[in-house]
Amino acid sequence: MIPGEFTYHRPSTVAEAVAILASHGDEARPLAGGHSIIPMMKLRMAAPEHLIDLSGVADLKGIREEGGAIVIGAMTTQHELIASDLLASKLPIIRETSLLIADPQIRYLGTIGGNVANGDPGNDMPALMQCLNASYRVAGPNGERDIAARDFYEAAYFTALAPEELVTAVSIPVPPAGHGFAYEKLKRKVGDYATAAAAVVLTMSGGSVASCSVALTNVGDTPLYAADACGILTGSTLDADTVNRAVAAAEAITRPASDGRGPAEYRTKMAGVMLRRALARAAERANG
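The paragraphs below set out a description of the structure included in this document. (Residues numbered from 1 in each chain as written. Predicted model: local features only at pLDDT ≥ 70, side-chain atom pairs only at ≥ 80, totals over all residues. Heavy atoms only, no water.)

1. Considering the sheet that holds strand S5 (residues 69–73)
Here is step 1 of the chain: Read across the open sheet, the 5 strands follow the order S4-S5-S10-S6-S7; overall the sheet is antiparallel. Each having just a single partner strand, strand S4 (63–66) and strand S7 (143–148) make up the two edges of the open sheet. Within this sheet the neighbouring strands show an average axis-to-axis angle of 25 degrees, counted without direction.
Here is step 2 of the chain: Pairing geometry for strand S6 (residues 135–140) and S7, over 6 bridges, is antiparallel. Bridged to Arg137 within S7 is Asp146.
Here is step 3 of the chain: Relative to the sheet, helix H1 (residues 14–24) contacts S6 and strand S10 (166–173), its axis offset from that of S10 by approximately 130 degrees. (Pairing = 2+ DSSP bridges. Helix = DSSP H or I, 4+ residues; strand = E, 2+ residues; numbered from the N terminus. Axes fitted to C-alpha atoms, helices over the stretch in contact; angles between N-to-C directions. Contact = heavy atoms within 4.5 Å.)

See below:
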């Protein structure tokens, strides 16, 4: 189908983009990579009267180290994440995850900001950002604020972002050198959303888990940070009994829908399987 009529805006600054959003309210939508909003417009499931193309805002692009964090501009593409030497050395799990998103054509245009901001529970970056304890820099008419990724997602497609606000950057604390990491994703075919996926970042000390972070993708209305599983794993040697208890705790917080990817019970169990695999690979990669 053909989208409905709309007015196209191409701002060159964040302030200009925010002003357009503020002046048109719910009638305006930002355009990042376009992989979510354009199909919805073609199906007439979304009909914004004003479309704000962010591709001309230079301040929304780039990857840099700032103190003890990596800051990624919201309009940085998945392809650019994959190609970044800085991310490869400091946050290699981002490259691993980006390579599992859709296909190369989509990754050339798809952005990290678009992936995290629209609240789609099937997107891969939101759970990863929760795992990494990232925060989102948000700009609006009243200035800027930071929102923790673990507090950002409220329900499917509902977030803490106000209608007149934009995500401008993602800030991620750099994990300790020698940390272990893994993103395990089960999908039906290349380019598909996850049936279930798990992100793990951990550190080891003397054969025990010194710190651990776990999050799950597409097994609930939002990405899921598995705090109880993290608590069970921390201090353990990742022995079989501890892993079993942690997997059970992670499975207990899932609420997947039954759909073409499988019944809810299957998707819950696959979240557990992905977590087991991610833990094993993260432990193999960890030094200490």
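Picking up where we left off.
2. A short note on the pattern of salt bridges
Here is step 1 of the chain: Counted under the stated rule, the structure contains 16 salt bridges.
Here is step 2 of the chain: The shortest N-O distance in the salt bridge between Arg10 and Asp53 comes to 3.3 Å. Of this pair, Arg10 sits in the loop between strand S1 (7–9) and H1 while Asp53 sits in strand S3 (residues 50–53), placing them 43 residues apart in sequence.
Here is step 3 of the chain: A relative accessible area of 9% means that Asp53 is categorised as buried.
Here is step 4 of the chain: For Glu65, the salt bridge goes to Lys90, with nearest N and O atoms at 3.7 Å. Here the residue Glu65 occupies a position in strand S4, and Lys90 occupies one in helix H4 (residues 85–90), the gap between them amounting to 25 residues.
Here is step 5 of the chain: For Glu65, a relative accessible area of 40% gives the class partly exposed.
Here is step 6 of the chain: It is possible to trace a salt-bridge network through shared partners that takes in Arg188, Asp192, Asp259, Arg261 and Arg267. (Salt bridge = Lys/Arg side-chain N within 4 Å of Asp/Glu carboxyl O. Buried < 20%, exposed > 50% of the residue type's maximum accessible area, 1.4 Å probe, protein only.)

3. Notes on the sheet that holds strand S12 (residues 196–205)
Here is step 1 of the chain: Strands sit in the order S11-S12-S13-S14 across an open sheet of 4 strands; the sheet is antiparallel. Each edge of the open sheet is held by one strand with a lone partner, namely strand S11 (180–186) and strand S14 (224–225).
Here is step 2 of the chain: Across the sheet, helix H12 (residues 264–285) touches S11, S12 and strand S13 (208–217), and the angle it forms with S11 is around 150 degrees.

4. Examining the side chain of Glu251
Here is step 1 of the chain: Here Glu251 is to be found in helix H11 (residues 240–252).
Here is step 2 of the chain: For Glu251, a relative accessible area of 15% translates into the label buried.
Here is step 3 of the chain: The residues contacting Glu251, other than those within four sequence positions of it, are Thr268, Lys269 and Gly272.

5. A few points about the nonpolar core
Here is step 1 of the chain: Core analysis: the biggest nonpolar cluster contains 35 residues, and Ile94, Met125, Met129, Leu132, Tyr136 and Ile172 have the highest contact counts within it.
Here is step 2 of the chain: Here this core takes 5 residues from helix H8 (residues 125–131), the largest share from any one element.
Here is step 3 of the chain: Among all residues touching Met129, those that are not within four sequence positions of it are Ile94, Ile112, Val116, Ala134, Tyr136, Ala149, Val170 and Ile172.
Here is step 4 of the chain: Residues Val214, Leu216, Ala226 and Ala249 belong to the second largest nonpolar core, which totals 30 residues. (Core = buried A, V, L, I, M, F, W, Y, C linked by side-chain atoms within 4.5 Å.)

6. Some thoughts on H11
Here is step 1 of the chain: For H11, built from 13 residues, the straight-helix expectation of 18 Å at 1.5 Å per residue is met to within 8% by its first-to-last C-alpha distance of 18 Å.
Here is step 2 of the chain: Looking only at H11, the buried set comprises Thr242, Val243, Ala246, Val247, Ala249, Ala250 and Glu251.
Here is step 3 of the chain: Along its buried surface, H11 packs onto S13, helix H10 (227–233) and H12. (Expected span 1.5 Å × (residues − 1).)

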